[in-house]
Amino acid sequence: MTGPATLAAALDRFARVPLIDQPTPIQRLHGLEKALGEAGGGVRLFVKRDDLPFLGGGGSKLRKLEYLMGAARAEGCDSFVTTGGIQSNHARLSAAVAAKLGFACELVLARLVPREDEEYRLGGNRLLDDLFGARVHELPGDADTLAFARERGAALGREGRKAYVVGAGGSSPVGCLGYAYCAQEIAAQEATAGLDFARVIVPNGSFGTHAGLAAGFAAMGQDPARLLSFAVLETAEAARPKTHALAAETLARLDPVRSISADAIAIDGSQRGTGYGIPTDAMLEAVRLMARSEGLLLDPVYSGKAFAGLLALVRGGAFAPGAAVLFVMTGGSPGLFAYRSALES
Ligand SMILES: Cc1ncc(COP(=O)(O)O)c(C=O)c1O
């Protein structure tokens, strides 16, 4: 037996706190297709609206938090400690979900992006971390945030609390189950709508979105090689083995028999630019084009760069006329407010 129902049954074995009520919709980008005109090559562009579930300002990290918080509750934890960059969407959503569930939350944030201006240090996601009541520890860019987070977890333990600790992006095999769940949604939506996506495109930061989707497709007996991620944090060469290892670990939890080959992990490094969180012209064009043709918000660090990669592929004729391509909108719009100067220029 194979397919979405089998994966759903495998996922049911894991504790989950529902934060997203129903499958996020898949929508066609008619306005963007029109704006692209002939350069669009007749490719049908779709987005999966993982930016829609709006708890905490919304975004894809809610999927991982459903399983992370499920595990935290099952282990009897009352505190949640996680890590990220100063403008981390995962950190912001962890703070919001912790507030909703009555957990204490500590965020260990590293200065990964070389910016000291107030817009970046205090605006966007960082403002919301405070609003949701998280305790924030800011560390230098080269600090071992996970080690610090584990120390904080141990210190909370000495105070009589019990902390669940997870690293950047919530990208542990438990967190990745959230994106295996998303793969099952995509497969079911394709079947219902009579679609067959030639490519499913996502950003790749802490590897978990790609890894979870790959594990989910593999668990359903589908080819994970139709996924393509654009690296925005590490180089594509560095991200490939890490994404593969995480996908394999996640798949092992869902199905001990199936495996996933390293060749099935496709990662493109062409949109990373000079580094994590540093704007590129292509990202700025993608954010503006999506805003002006669809009224949709990409973010400047992850989805903006990945969508720029999708546009480059479409304009370069990488897809046959009529092919359907799916982009997973991962949210992160609060990050736009930390990039006002770049967007204005
Ligand atoms: C808005 C947004 N999109 C995509 C990603 C990338 O996901 P992952 O870290 O699982 O690769 C992130 C991660 O932080 C994110 O915040």
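Going by the structure above, here's the rest.
No experiment lies behind these values; they were computed from the predicted model shown. Per chain, residues are indexed from 1 in the order of the written sequence. In keeping with the predicted nature of the model, local features appear solely for residues at pLDDT of at least 70, side-chain atom pairs appear and are counted solely at 80 or more, and the whole-chain, interface and lining totals rest on all residues. Side-chain numbers here rest on the full set of heavy atoms in the structure, without hydrogens or water.

J.: In this structure, what is going on with the overall build of the protein chain? I would like to understand it.
T.: Helix and strand definitions here come from DSSP, where helices need a minimum of 4 consecutive H or I residues and strands a minimum of 2 consecutive E residues; each element is numbered from the N-terminal end. Counting its secondary structure elements, the protein chain contains 13 helices and ten strands. Against the 2.2 N^0.38 benchmark of 20 Å for 345 residues, the protein chain shows a C-alpha radius of gyration of 19 Å, consistent with a compact globule. Counting only C-alpha atoms, the protein chain reaches 60 × 55 × 35 Å along its principal axes. Summary of the burial criterion: residues with accessible area below 20% of their type's maximum are buried, those above 50% are exposed, and those between are partly exposed, where the area comes from a 1.4 Å probe applied to protein chains only. Looking at the 345 residues of the protein chain, the share that counts as buried comes to 58%. Once local pairs closer than 6 in sequence are excluded, the contacts in the protein chain between residues at least 24 apart make up 81%. The globule rule is 2.2 Å times the number of residues to the power 0.38, and the radius of gyration it is compared with is taken over C-alpha atoms. Residues count as neighbours in contact if any of their non-hydrogen atoms are within 4.5 Å of one another.

J.: I'm lost on the packing of aromatic side chains in this one. Help?
T.: Note on aromatic contacts: the rings of Phe and Tyr and the six-membered ring of Trp form a pair at centre separations within 6.5 Å, being stacked when their planes are under 30 degrees apart, edge-to-face when over 60 apart, and tilted otherwise. One pass over the full model with this rule turns up five aromatic pairs. Any Lys NZ or Arg CZ found within 6 Å of a ring centre and within 35 degrees of that ring's normal is scored as a charge over the ring. Seen from the ring of tyrosine 179, arginine 63 lies directly overhead, with NZ or CZ sitting 5.7 Å from the centre. When the ring centre of tyrosine 339 is taken as reference, the NZ or CZ atom of arginine 115 above it lies at 5.0 Å.

J.: Explain the nonpolar core to me, please; I cannot follow it from the model alone.
T.: Here, the term nonpolar core denotes a set of buried Ala, Val, Leu, Ile, Met, Phe, Trp, Tyr and Cys residues that are joined through side-chain atoms within 4.5 Å. If you look at the biggest cluster of nonpolar residues, it comprises 102 residues, and the most contacted ones within it are Leu45, Met69, Tyr164, Leu213, Phe307 and Phe327. For this core, the leading source of residues is helix α8 (residues 173-193), giving nine residues. Where each domain begins and ends follows an automated or database-derived domain assignment. Composition of this core by domain shows at least three residues from each of domain 1 (4-58 + 173-344) and domain 2 (61-170). The contacts of phenylalanine 327, once residues within four sequence positions are left out, are Phe46, Val47, Lys48, Ile201, Leu298, Ser303, Ala306, Phe307 and Leu310. If you look at the next biggest cluster of nonpolar residues, it comprises five residues, including Val108, Leu139, Ala149 and Leu156.

J.: In this structure, what is going on with the sheet that holds strand β1 (residues 26-28)? I would like to understand it.
T.: One requirement defines pairing of two strands: DSSP has to find at least two bridges between them. With mixed pairing, six strands are arranged side by side in an open sheet as β1-β2-β10-β7-β8-β9. Each of the sheet's edge strands pairs with one partner strand only, and the pair in question is β1 and β9 (266-268). Put simply, the sheet's adjacent strands are angled 30° from each other on average, direction ignored. Note: strand β7 (residues 199-204) against strand β8 (residues 227-231), five bridges, orientation parallel. In the strand pairing of β8, isoleucine 201 is matched with leucine 228. In this analysis an axis means a line fitted to C-alpha atoms, helices contributing only their contacting stretch, and an angle means the value between N-to-C directions, from 0 to 180 degrees.

J.: Just checking my understanding: could you explain the site of the ligand for this structure?
T.: Taken together, 16 residues form the shell around the ligand, and within it Lys61, Lys64, Gly205, Ser206 and Thr330 come nearest. Within the side chain of lysine 61, one N or O atom sits 2.8 Å away from an oxygen atom of the ligand. With respect to the ligand, the backbone of glycine 208 contributes an N or O atom lying 3.2 Å from an oxygen atom. Burial of the ligand by the protein chains amounts to 98% of its free accessible area of 390 Å². Counting residues per element, the ones that place at least two in the shell around the ligand are α3 (61-74), β7 and α9 (208-219). Charged residues are taken to be Asp, Glu, Lys and Arg, nonpolar residues to be Ala, Val, Leu, Ile, Met, Phe, Trp, Tyr, Cys and Pro, and polar residues to be all remaining types, Gly included. Residues belonging to the shell around the ligand are distributed by class as follows: three nonpolar, ten polar and three charged. For each residue, the test is whether any non-hydrogen atom lies within 4 Å of the molecule or strand; if one does, the residue is near. Polar contacts here mean pairs of N or O atoms no more than 3.5 Å apart (in protein, one a potential hydrogen donor and the other a potential acceptor; neighbouring residues in sequence count only if both atoms are side-chain atoms). To measure how exposed things are, a 1.4 Å probe is used in the Shrake-Rupley method; for residues, cover is taken only from the protein chains shown.

J.: Sorry, what's going on with the environment of aspartate 299 here?
T.: Tracing the backbone shows aspartate 299 in the loop between α11 (281-294) and α12 (303-315). Its relative accessible area of 2% is what places aspartate 299 among the buried residues. Separated by 255 residues in the primary sequence, aspartate 299 and arginine 44 have C-alpha atoms spaced 22 Å apart. For aspartate 299, the contacting residues outside a window of four places in its chain are Val287, Gly304, Gly331, Gly332, Ser333 and Leu336. In this structure the side chain of aspartate 299 is engaged in a polar contact, spanning 2.9 Å, whose partner is the backbone nitrogen of valine 301. Within polar-contact distance, the side chain of aspartate 299 engages the side chain of serine 303 at 2.6 Å.

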